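Residue-level structure breakdown
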Amino acid sequence: MLTIKNLHAEVEGKKILKGINLEINKGEMHAIMGPNGSGKSSLASVLAGRDNYTVTEGEVWFNGKNLLDLSPEDRAREGVFLAFQYPVEIPGVSNLNFLKTALNEIRAYKGLPALEAREFLKLTKEKQQLVDFHSNLMNRSLNEGFSGGEKKRNEIFQLAMLDPQLAILDETDSGLDIDALRIVSSGVNKLRDAEKSFVVITHYQRLLEYIIPDFVHVLYNGRIIKTGTKELALELEERGYDWLKEELHLKESV
Amino acid sequence: MINSNEIIDDIANKEYEFGFTTDIEMDIAPPGLNEDIIRFISAKKNEPEWLLEWRLKGFAAFKKMEFPKWQHFEMPALDLQAVSYYAAPRKKKQLNSLDEVDPELLATFEKLGIPLNEQKALTGVAVDAVFDSVSVATTFKGKLKEMGVIFCSFGEAVQEHPELVKKYLGSVVPHTDNVFAALNSAVFSDGSFVYIPKGVRCPMELSTYFRINAQNTGQFERTLIIADDNSYVSYLEGCTAPMRDENQLHAAVVELVALEHAEIKYSTVQNWYPGDKDGKGGIYNFVTKRGICKGAASKISWTQVETGSAITWKYPSVILQGDHSEGEFYSVAVVRNKQIADTGTKIHHIGKGTKSRIISKGISAGHGDNSYRGLVSVGPRADNARNFTQCDSLLIGNQCGSHTFPYIESRNKSAMIEHEATTSKIGEDQIFYLNQRGIDSEKAVALIVNGYVKEVLNQLPMEFAVEAQKLLSITLEGSVG
């Protein structure tokens, strides 16, 4: 579904990604871990098409389409969803109105008619229950005055509503207490199915106790330096990243 | 990929939609400002002697006055001698019905989305259409007449209801008020007149649509609305003009009088030609609007959506004379390219227990410069007067300007005056967030802006709120930065 080949990117002239290769198939859950500044969030931003990143080399294919050729909104319409690390606040725009606009834009792109009010509300209710999202947050302005946990839960609720093919969760666990973490993870788990793929970016193994990944990748200095299964995450938790860095330096010096 | 600055530029450079001209036979007075032209206008309109006297007093006052210097923009050079003070579509004879209006004119208003044909008109809205300086048609007159509501052109009111005009003309905005009001008093050519009799709730929205068409003319209309005891009226004005390279002056005066327990709701959707992206051309919208809550427990509410004009300079104000009377001012002012707005309100609390509420939302894009200027004054008799002011600015891009000049003068210790102000910026982060949910940048800006101005648009009558929303989206297309 997603193929990343030798992806290089820079921001303000600084090289951030230095040759990422990654293959994600339908229904897979990939975790990307790595120390601070290794390029995890940058990878998410580049995939979503954030303006200030420049791709200097490499390719990204999504369902047979060259993702890098598409505008950020078209990537979203094609089915790439980014759960933001820091969701923005938009005063005066109700959560509901925002979601309706987003949903209908995506539907229009796919040649589907706009959802009628009744169908939309039905869908809203259903997804709200699925991911345990408070209905009193629905009519409030988008993320305005939401707690950190509420914002993250709203991201998962939007993910449920927009039903993308590929969901990238950028440090969704950061700033969550253990209860919120549980609710968010359980939401994600309910959304997992054979058609949908996930990329979960995280610092901590903690999240992966709740969301069990099929693959764990370690990103370091703009490259994936190791790939394993969920056991790799446990090993990282225990030993940190230094042994991997050493391994890498050893390899490079040979 | 499209850079968001380009999108902003696109929006900022979006062309004006109503810039066409209408080719029609016109009576146009030669340019120049002098007593002769004032006599000419007065004679053209077959006015009584007292009105001519009043005009001449206005002209005398005007000659002694100078242009103000306190505004937050450089006063453009105005050559008032180069302006023609009278332009009117040539009438073959007195019109008896709408069917006799020049089809070219009807087509113009149709094109603007203002059908003057009563069958086609928005239900529940009566329209007075003012083309250049002259009222060309008023719809639903008959229906309104049954209820005693007078809604006609100013000129007609002078002929048909001279006692009302004489009593109230200049009673809220005297001919000596300010230089533009004095000029207007001298040369005003037409406008709208409304009288709502005692106890009548006007059954439909009243609306005046102003269109400047002729070149090198000024538009100086005068609107007078009187709501007698226990009456209610909602009034709306809209305006557009062709695209021209030179600036045109629009110096209108609006006077509102609310008697006991009466309520007047006055809404403006102003979309005069704003000039091109380099600031060439555009309307100077220098307008004096003021209402008086004369009677106890009366209410006047101004709502304005200002998106057009090269310079918008006006402070729709309320004098709260009657005890427990109420004044409101809701405003959205948008500037982009090189537009300037210096707008706000003045609320004078005179009576006891008077209340006021000011909600101002400024939006600045491109190289636009937006100032809110407001005065809340509380007199010694105004026990327990209350005011709430909220003044917000939204910036799009980083080359625009936004300023706030609030003045508070209280001479009564029991008064409660609150003022809140915020400044925010449409961030690239917000746009990207919405992009990532499948919403393109233009729609994203529209969504953010409409959220921001919702509180004000909610005050507009339904049909116009939708219009205003669309207008804002069009106005701001491509302003993201």
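This is a predicted model, so every value here is computed, not measured. (Residues numbered from 1 in each chain as written. Chains lettered and ligands numbered in written order. Predicted model: local features only at pLDDT ≥ 70, side-chain atom pairs only at ≥ 80, totals over all residues. Heavy atoms only, no water.)

We now examine the overall build of chain B. Within chain B one finds 11 helices and 23 strands. The buried share of chain B, taken over its 481 residues, is 64%. Accessible surface for chain B amounts to roughly 18300 Å². Of this, 48% is attributable to carbon and sulfur atoms. (Helix = DSSP H or I, 4+ residues; strand = E, 2+ residues; numbered from the N terminus. Buried < 20%, exposed > 50% of the residue type's maximum accessible area, 1.4 Å probe, protein only. Areas by Shrake-Rupley, 256 points an atom, 1.4 Å probe, with all protein chains shown as cover.)

All names here are of chain B. A complete count under the given rule lists 19 aromatic pairs over all chains for this structure. The interplanar angle of 15° and the centroid separation of 5.6 Å between the aromatic rings of Tyr284 and Phe286 together place this pair among those described as stacked. Residues Tyr284 and Phe286 agree in their burial class; the two are buried. Members of the aromatic cluster, each reached through a chain of ring pairs, are Phe67, Trp70, Phe73, Phe180, Tyr284, Phe286, Trp313 and Tyr315. Over the ring of Tyr232 we find Arg201, and its NZ or CZ is 4.0 Å from the ring centre. The positively charged end of Arg373 is found above the aromatic ring belonging to Phe405, 4.6 Å away from the centroid. (Phe/Tyr/Trp six-rings, centres within 6.5 Å; stacked < 30°, edge-to-face > 60°. Lys NZ or Arg CZ within 6 Å of the ring centre and 35° of its normal.)

The next point concerns the interface of chain A and chain B. Taken residue by residue, the interface counts 32 residues in chain A and 23 residues in chain B. On the surface where chain A and chain B come into contact, there are three salt bridges. Close ionic contact of Glu155 of chain A with Arg437 of chain B constitutes a salt bridge, the shortest N to O distance being 2.7 Å. Summed over the shared surface of chain A and chain B, the number is 12 residue pairs in polar contact (both at pLDDT 80 or more). Elements that contribute at least two residues to the side of chain A that touches chain B include exactly α2 (72-78), β6 (80-83), β7 (90-94), α3 (95-109) and α5 (148-162) of chain A. With six residues, α3 of chain A is the single largest residue contributor to the side of chain A that touches chain B. Partitioning the side of chain A that touches chain B into residue classes produces 18 nonpolar, six polar and eight charged. (Contact = heavy atoms within 4.5 Å. Salt bridge = Lys/Arg side-chain N within 4 Å of Asp/Glu carboxyl O. Polar contact = N/O pair within 3.5 Å; in protein donor to acceptor, adjacent residues only side chain to side chain. Nonpolar A, V, L, I, M, F, W, Y, C, P; charged D, E, K, R; others polar.)

Let us look at the sheet that holds β6 of chain A. Across a sheet, paired strands are connected by hydrogen bonds in the backbone, their directions being either parallel or antiparallel. Residues and elements named next belong to chain A. Strands sit in the order β6-β9-β10-β3-β11-β12 across an open sheet of six strands; the sheet is mixed. Every other strand in the sheet has two partners, leaving β6 and β12 (223-228) as the edge strands with one partner each. The average angle at which neighbouring strand axes cross in this sheet is 20°, direction not considered. Both β6 and strand β9 (residues 166-170) contribute to a ladder of four bridges, which runs parallel. Counted as the bridge partner of Val80 is Leu166 from β9. (Pairing = 2+ DSSP bridges. Axes fitted to C-alpha atoms, helices over the stretch in contact; angles between N-to-C directions.)

Before going further, it helps to spend a moment on helix α4 (residues 117-130) of chain A. Residues and elements named next belong to chain A. The first and last C-alpha atoms of α4 sit 20 Å apart over 14 residues, in line with the 20 Å expected at 1.5 Å per residue. Listed in full, the buried residues belonging to α4 are Phe120, Leu123, Thr124, Lys127 and Gln128. Seen along its axis, α4 keeps its buried residues to an arc of 130°; they face one direction. Relative to its buried face, α4 has exposed residues pointing more than 90 degrees away, namely Arg118, Lys122, Lys125 and Gln129. Contact partners of the buried residues in α4: α3 and α5. (Expected span 1.5 Å × (residues − 1). Arc of directions from axis to C-beta.)

This part is about the nonpolar core. Grouped together as the largest cluster of nonpolar side chains are 101 residues, with contacts concentrated most on Leu2, Ile4 and Ile168 of chain A together with Ile363, Leu434 and Val449 of chain B. Element by element, the count of residues in this core is highest for helix α10 (residues 441-457) of chain B, at nine residues. When near neighbours in sequence (up to four residues on either side) are disregarded, Leu434 of chain B contacts Ile90 and Phe98 of chain A together with Ile439, Ala444, Leu447 and Ile448 of chain B. (Core = buried A, V, L, I, M, F, W, Y, C linked by side-chain atoms within 4.5 Å.)

Another point: the confidence of the model for chain A. Averaged over all residues, the pLDDT of chain A equals 93, while 99% of them reach at least 70. For chain A, helix α9 (residues 242-253) of chain A is the element with the lowest average pLDDT, namely 78, and β6 of chain A is the one with the highest, namely 98. (pLDDT = per-residue confidence, 0-100.)

What you tend to see is this: most non-glycine residues have negative phi, and most peptide bonds are trans. Of note in this structure, Asp132 of chain A is not a glycine but carries a positive phi near 55°. Relative to the helices and strands, Asp132 of chain A resides in the loop between α4 and β8 (141-142). A relative accessible area of 41% means that Asp132 of chain A is categorised as partly exposed. With phi around 60°, His324 of chain B is a residue other than glycine that occupies positive phi space. Take His324 of chain B: it is sitting in the loop between β16 (317-320) and β17 (326-335). Accessibility expressed as a relative area gives 53% for His324 of chain B, which makes it exposed.

We now examine the UniProt feature "domain: ABC transporter" (unreviewed entry) in chain A. In this numbering, the UniProt entry assigns the feature "domain: ABC transporter" (unreviewed entry) to residues 2-246 of chain A. Secondary structure content for residues 2-246 of chain A is 38% helix and 29% strand, while the C-alpha to C-alpha distance between its ends is 30 Å. (UniProt positions renumbered as here; feature names shortened; annotations may be inferred.)

Residue placement: Lys45 of chain B occurs in the loop between α2 (35-44) and α3 (49-64). Once you skip the residues sitting within four places of it in the chain, Lys45 of chain B turns out to touch Arg55, Gly155, Gln159, Ser189 and Asp190 of chain B.

In this section: the pairing of strand β20 (residues 369-378) of chain B. For a regular strand, the rule is simple: side chains alternate between the two faces of the sheet. Residue and element names in this part refer to chain B. Burial analysis of β20 places 10 of its 10 residues in the buried class, the great majority of the element. The side-chain alternation of β20 yields two buried faces, one formed by Asp369, Ser371, Arg373, Leu375 and Ser377 and the other by Asn370, Tyr372, Gly374, Val376 and Val378. In the sheet, strand β18 (residues 340-349) pairs with β20 via 10 bridges, with the strands oriented parallel. Residue pairing across strands places Asp342 opposite Ser371, the latter belonging to β20. Direction of pairing for β20 relative to strand β22 (residues 401-410): parallel, over a ladder of 10 bridges. Note on β22: the bridge partner recorded for Gly374 is Pro406.

Turning our eyes to something else, we now look at the packing of α3 of chain A against α5 of chain A. All names here are of chain A. Put simply, α3 and α5 touch, their axes get as near as 10 Å, and they point 35° apart. Crossing of α3 over α5 shows right-handed handedness. Here Asn95, Phe98, Leu99, Ala102, Leu103 and Ile106 of α3 come into contact with α5, specifically with Asn154, Phe157, Gln158, Met161 and Leu162. The residue makeup of the contact of α3 with α5, split by class, is eight nonpolar, three polar and no charged. (Left-handed = near helix turned anticlockwise from the far one by under 90°.)

Looking now at the sheet that holds strand β1 (residues 2-11) of chain A. All names here are of chain A. Spatial strand order, β2-β1-β4-β5: four strands in an open sheet with antiparallel pairing. The open sheet has two edge strands, β2 (14-24) and β5 (65-66), and neither has a second partner. Looking at chain direction, β1 and β2 are connected through eight bridges and run antiparallel. Paired with Val11 across the two strands is Lys14, which belongs to β2.

Counted residue by residue, helix α1 (residues 40-48) of chain A has eight buried out of nine residues, so it is predominantly covered. For α1 of chain A, the full list of buried residues reads Lys40, Ser42, Leu43, Ala44, Ser45, Val46, Leu47 and Ala48 of chain A.

Another point: the pattern of salt bridges. Taken as a whole, this structure holds 31 salt bridges over all chains when the rule is applied. One salt bridge connects Lys5 of chain A with Glu59 of chain A, and the closest N-O pair in it is separated by 3.9 Å. Of the two residues, Lys5 of chain A is situated in strand β1 and Glu59 of chain A in strand β4 (residues 53-62); the sequence distance between them amounts to 54 residues. The class for Lys5 of chain A is partly exposed, based on a relative accessible area of 42%. Residue classification places Glu59 of chain A among the partly exposed residues on the basis of a relative accessible area of 36%. Here Arg357 of chain B ties to Glu455 of chain B by a salt bridge, and the two come within 3.5 Å at their closest N and O atoms. Taken together, the positions of Arg357 of chain B in strand β19 (residues 355-364) and Glu455 of chain B in helix α10 put the pair 98 residues apart, joining distant regions of the chain. Salt bridges sharing common partners tie together Asp74, Arg77 and Glu105 of chain A together with Lys443 of chain B.

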